[in-house]
Amino acid sequence: MEQAQDILISSEEQWKKFRGNVPSSGKMDIDFTTHMMVGCFMGKKNSGGYSVKIMEIKQEGNILQVSRNFYSPGPSCMVTMAITFPYQIVKIPKMKVTEARFDGNYISQDCK
């Protein structure tokens, strides 16, 4: 994912369309009648040291509330000099929701 984005995938059709953008890292079977997926992507970064962590997922009425943090290396961190695309995707039980809302923090890590 070149651009930062957050996604909710609740059908096989959405998953197949999305998979066209993500390299496969192995077999991933999911039954979309019982599960769905949430993904958070930081986009393209010019070094290592970045990461994404989904902290909490909860349903509030017909809204899926996703809390996630984006971590970046601080000025004292030694990092890999390589282009990276940090993300996290999680499989969750199917819920009846009409939208997903994402919030969270951008955290700079201190490596001293």
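Anything mentioned here points back to the structure above.
Residues numbered from 1 in each chain as written. Predicted model: local features only at pLDDT ≥ 70, side-chain atom pairs only at ≥ 80, totals over all residues. Heavy atoms only, no water.

Let's shift gears to the sheet that holds strand β3 (residues 51–60). Taken in spatial order, the 3 strands of this open sheet run β3-β4-β6, and their pairing is mixed. Of all strands in the sheet, those bounded by a partner on one side alone are β3 and β6 (99–109). Strand-to-strand, the axes of this sheet are offset by a mean angle of 15 degrees, without reference to chain direction. Inspection of the sheet shows strand β4 (residues 63–73) paired to β6 by 11 bridges, in the parallel sense. Bridging from a neighbouring strand, S67 pairs with D103 of β6. (Pairing = 2+ DSSP bridges. Helix = DSSP H or I, 4+ residues; strand = E, 2+ residues; numbered from the N terminus. Axes fitted to C-alpha atoms, helices over the stretch in contact; angles between N-to-C directions.)

Spatial strand order, β1-β2-β5: 3 strands in an open sheet with antiparallel pairing. Lying at the two open borders of the sheet, with one neighbouring strand each, are β1 (5–9) and β5 (87–93). If you compare each strand with its neighbour and ignore which way they point, the axes differ by 15 degrees on average. Along the sheet, helix α1 (residues 12–19) makes contact with β1, β2 (35–41) and β5, crossing β1 at roughly 145 degrees. (Contact = heavy atoms within 4.5 Å.)

Our next topic: the nonpolar core. One finds M36, V38, C40, M42, V52, I54, L64, V66, F70 and I92 forming the largest nonpolar core, which totals 10 residues. Those residues in contact with M36 that sit more than four places away from it in its chain are L8, I9, S10, I30, L64, V90, K91, I92, P93, K94, M95 and V97. Ranked by size, the runner-up nonpolar core spans 9 residues in total, among them M1, I9, I30 and F32. (Core = buried A, V, L, I, M, F, W, Y, C linked by side-chain atoms within 4.5 Å. Buried < 20%, exposed > 50% of the residue type's maximum accessible area, 1.4 Å probe, protein only.)

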